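# Notes for the structure review
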Amino acid sequence: MLIASLLIAASATVTSLAVNPAAATEQPSRLNFSVDLRGAIDESRMDGRPLFVVFVVGWCPICSELKREALMDESVTKYSDDFRWVMVDVDRNLSIARQYAIDAVPLTLIMNSSGETMRRFAGGRTAVELHAEIAGFLAREAEPAKQTPGGPEPARSDLIWTP
């Protein structure tokens, strides 16, 4: 029974590729992810766009779900031009993972155009949650810096605890 189900699924995939050959080369998302974090930070410094960086590993089911669902949702992809989007495979980029103290995956950083981490959150997120994070970040970035007697208010950083 299992073999028959697999053959039917494989047949449907081959049929859909035959009908739509472009389906074999379609990107998994409308977001244009770079895999070069250092290069993206350099480009961000030049054009002023903040960075949305997702640290993942290939074997992580939560990472796969994040990529397949939340990052493909229209409520998130509508921000494609507002950020430089970067996806870092931790297994292939251990030095970068160490540099940013990546201790859980998926882990997302929202950085300003200078490469400073402004938001950090671990674990999977729904599209609704990602949309709220992004919209909140962009709204705060649009506000003028609050002035205190000692200068601008420092950026808030969230702490993450993982067992």
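Above this text is the structure in question.
To keep things clear, this report deals only with the structure shown in the data block. Treat the numbers as computed from the prediction; the structure is a model and nothing was measured.

Thresholds applied
- Residues numbered from 1 in each chain as written.
- Predicted model: local features only at pLDDT ≥ 70, side-chain atom pairs only at ≥ 80, totals over all residues.
- Heavy atoms only, no water.
- Helix = DSSP H or I, 4+ residues; strand = E, 2+ residues; numbered from the N terminus.
- Buried < 20%, exposed > 50% of the residue type's maximum accessible area, 1.4 Å probe, protein only.
- Contact = heavy atoms within 4.5 Å.
- Areas by Shrake-Rupley, 256 points an atom, 1.4 Å probe, with all protein chains shown as cover.
- Pairing = 2+ DSSP bridges.
- Axes fitted to C-alpha atoms, helices over the stretch in contact; angles between N-to-C directions.

## A word on the overall build of the protein
Broken down by element type, the protein carries six helices and seven strands. Its helices and strands taken in sequence order, the protein reads α-β-α-β-α-α-β-α-β-β-α-β-β from the N to the C terminus. Relative to its 163 residues, the protein shows a buried fraction of 34%. If you take every contact in the protein between residues at least 6 apart in sequence, the share linking residues at least 24 apart comes to 69%. Accessible surface, the protein: about 10300 Å² in total, of which carbon and sulfur atoms supply 57%.

## Looking at unusual backbone geometry
For the bond running from Val 105 to Pro 106, omega is -10 degrees, close enough to zero to count as cis. By secondary structure assignment, the location of Pro 106 is in the loop between helix H5 (94-99) and strand S4 (107-111). The phi torsion at Ala 101 lies on the positive side, around 50 degrees, for a residue other than glycine. Residue class for Ala 101 comes out partly exposed when judged on its relative accessible area of 46%.

## Topic: the sheet that holds strand S5 (residues 117-122)
As summarised here, the arrangement of the five strands in space is S1-S3-S2-S4-S5, forming an open sheet in which the pairing is mixed. Strands with a single pairing partner mark the edges of an open sheet, and in this sheet they are strand S1 (33-34) and S5. For S4 and S5, the ladder comprises five bridges, and the chain directions are antiparallel. Considered in S5, the bridge of Met 111 is made with Thr 117. Along the sheet, helix H2 (residues 37-47) makes contact with strand S2 (51-56) and strand S3 (84-89), crossing S3 at roughly 165 degrees.

Limitation: the analysis is restricted to geometry and does not speak to function.
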